[in-house]
Amino acid sequence: MTAVAVCGLGLMGLPVATRLAASGFSVSVWDRTPARAAALAGTGVTVAPSPAAAAAGARAALVLVSDFDAVRAVVGGPEGVAAGRPQVIAQMSTIAPHETLALAADLPSDVRLLDAPVTGSVPQASAGDLRILTGGDDAAHAAAGPVLEALGTVVRCGPLGAASALKCVLNTCVAPMVALLAEGLALADRLDLDQDLLLDELERTRVGPLVTRKRAMIESGEFPADSRLKLFAKDMGVAEATAAACGAQLRLAHQARLLAEEAVAAGLGELDYSVLAGYLRDRPAP
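Counting of residues starts from 1 at the beginning of each chain's written sequence and follows it residue by residue. In keeping with the predicted nature of the model, local features appear solely for residues at pLDDT of at least 70, side-chain atom pairs appear and are counted solely at 80 or more, and the whole-chain, interface and lining totals rest on all residues. Excluding hydrogens and water, the side-chain figures rest on all heavy atoms present in the structure.

Examining helix α3 (residues 68-75)
Phase 1 of the analysis: Along α3, the residues that are buried comprise Phe-68, Ala-70, Val-71, Val-74 and Val-75. One side of α3 carries all its buried residues, which in axial view fall inside an arc of 160 degrees. Exposed residues on α3 whose side chains face more than 90 degrees from its buried face are Asp-69 and Ala-73.
Phase 2 of the analysis: The contact criterion used throughout is that any non-hydrogen atoms of two residues lie within 4.5 Å. Each helix is a run of H or I in the DSSP string that is no shorter than four residues. Each strand is a run of E no shorter than two, and both are numbered from the N terminus. Buried positions along α3 lie against β1 (3-7), β2 (26-30), α2 (51-55), β4 (60-63), β5 (88-91) and α4 (97-105).
Phase 3 of the analysis: Polar contacts here mean pairs of N or O atoms no more than 3.5 Å apart (in protein, one a potential hydrogen donor and the other a potential acceptor; neighbouring residues in sequence count only if both atoms are side-chain atoms). The backbone nitrogen of Asp-69 has a side-chain oxygen 3.3 Å away, supplied by the residue at the start of α3, namely Asp-67.
Phase 4 of the analysis: Remark: Gly-77 follows α3 within two positions and exhibits a positive phi of approximately 85 degrees. For every residue, the accessible area (1.4 Å probe, protein chains only) is compared with the maximum for its type, and the residue is labelled buried under 20%, exposed over 50%, or partly exposed between those bounds. By construction, the arc corresponds to the directions joining the helix axis to the C-beta atoms.

Below is the structure:
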């Protein structure tokens, strides 16, 4: 069986590892919190003591962690993924394009890097319906392709860094919609509108797909994380830094980040990003 490593067993890493094991890959995993691997008991997955041990002999080592600092910590050093010499490292976390290039520059010459952030969240990872944006050379794609195709649709974006650039742009376009939906729901409460009527009509608008995905959470007032609010805020910071590096300004994404950071400071960072709706609806009017 083809050997694969998954480093990072958070919201996305856990279903990715489970999906790969169910697809017939020999999966070795590592997480800085060993207890997370307990959820994989009985699936045939091997728990490794270090990222290097997980990646040793692997065709592809997938890295799914929170931010660039975590990526560097997992990939580099004597116990890092690169020390295990996998054929390719598929870096699937959301980081900036320049951070992707910096990561590549620090790798040993015989270790390839594929830039491979994803769109989608936990349900898509579990079902193998992710869209995996990829940037890198043909050799990196050839090594990682059969593994990534078990997780969803692979979209080739260009050279190394191009996939991270596209992910930044996609986040920049989507994040303000989340904030606008939250503001609209808060306004509707103050206008005493019927929630079912409002959500029915919103589903017929341009924000319809977002409302459909998050409607159950909005209606229940419970926001178990498919994608954590604190990472939503982090991703907006990544997008703003990327824009600043090329002389662009992201006014709406900036405001979405400020709102998200305000809600994170209120203790909501571990919940789904749609908790912004609950946060604004519960907040007293100024």
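Back to the text.
What to know about the pattern of salt bridges
Phase 1 of the analysis: In the sections that follow, a salt bridge refers to a side-chain nitrogen of Lys or Arg positioned within 4 Å of a carboxyl oxygen of Asp or Glu. For the structure on display, the rule yields 17 salt bridges.
Phase 2 of the analysis: A salt bridge links Arg-215 to Asp-196, with the nearest nitrogen and oxygen atoms 4.0 Å apart. Of this pair, Arg-215 sits in helix α9 (residues 208-220) while Asp-196 sits in helix α8 (residues 195-202); the two residues are 19 residues apart in sequence, bridging distant segments of the chain.
Phase 3 of the analysis: You can call Arg-215 buried: its relative accessible area is 13%.
Phase 4 of the analysis: One salt-bridge network, held together by shared partners, links Asp-196, Asp-200, Glu-203, Arg-215 and Glu-219.

Structural notes on the packing of α8 against α9
Phase 1 of the analysis: Convention adopted: a line fitted to C-alpha atoms gives each axis, helices being fitted over their contacting stretch, and angles between N-to-C directions are expressed from 0 to 180 degrees. Look at α8 against α9: their axes get within 9 Å of each other, and the N-to-C directions meet at 155 degrees. As the angle between them shows, α8 and α9 are arranged roughly antiparallel. Contacts between α8 and α9 involve Gln-195, Asp-196, Leu-199, Asp-200 and Leu-202 from the first element and Gly-208, Val-211, Arg-215, Ile-218 and Glu-219 from the second.
Phase 2 of the analysis: For this scheme, ten residues count as nonpolar: Ala, Val, Leu, Ile, Met, Phe, Trp, Tyr, Cys and Pro. Four count as charged, namely Asp, Glu, Lys and Arg, and the remainder, Gly too, count as polar. Across the contact of α8 with α9, the residue classes tally to four nonpolar, two polar and four charged. Orientation is classified from the angle alone, with under 35 degrees giving roughly parallel, over 145 giving roughly antiparallel, 65 to 115 giving roughly perpendicular, and any other angle giving oblique.

Details of the environment of Arg-206
Phase 1 of the analysis: Within the secondary structure layout, Arg-206 lies in the loop between α8 and α9.
Phase 2 of the analysis: Residue class for Arg-206 comes out exposed when judged on its relative accessible area of 81%.

Thoughts on the environment of Asp-129
Phase 1 of the analysis: Relative to the assigned elements, Asp-129 resides in the loop between α5 (122-127) and β8 (130-135).
Phase 2 of the analysis: Along the sequence, Asp-129 and Gly-152 sit 23 residues apart, while their C-alpha atoms lie 4.4 Å from each other.
Phase 3 of the analysis: Contact partners of Asp-129, with chain neighbours within four places excluded, come to Gln-124, Leu-151 and Gly-152.

Digging into the nonpolar core
Phase 1 of the analysis: Counting 36 residues, the largest nonpolar core has Leu-181, Leu-185, Leu-202, Leu-229, Phe-232 and Leu-276 as the members making the most contacts within it.
Phase 2 of the analysis: Counting residues per element, the ones that place at least two in this core are α7 (162-190), α8, α9, α10 (229-245), α11 (251-268) and α12 (275-282).
Phase 3 of the analysis: Ranked by residue count, the leading element in this core is α7, at eight residues.
Phase 4 of the analysis: In this structure Leu-229 touches Ala-260, Ala-263, Val-264, Leu-268, Gly-269, Leu-271, Asp-272, Tyr-273, Val-275 and Leu-276, once residues within four positions along its chain are discounted.
Phase 5 of the analysis: Among buried residues, the Ala, Val, Leu, Ile, Met, Phe, Trp, Tyr and Cys ones that are joined through side-chain atoms within 4.5 Å form a nonpolar core. Counting residues in hydrophobic clusters, the runner-up holds 32 residues, among them Val-29, Ala-60, Met-92 and Val-147.

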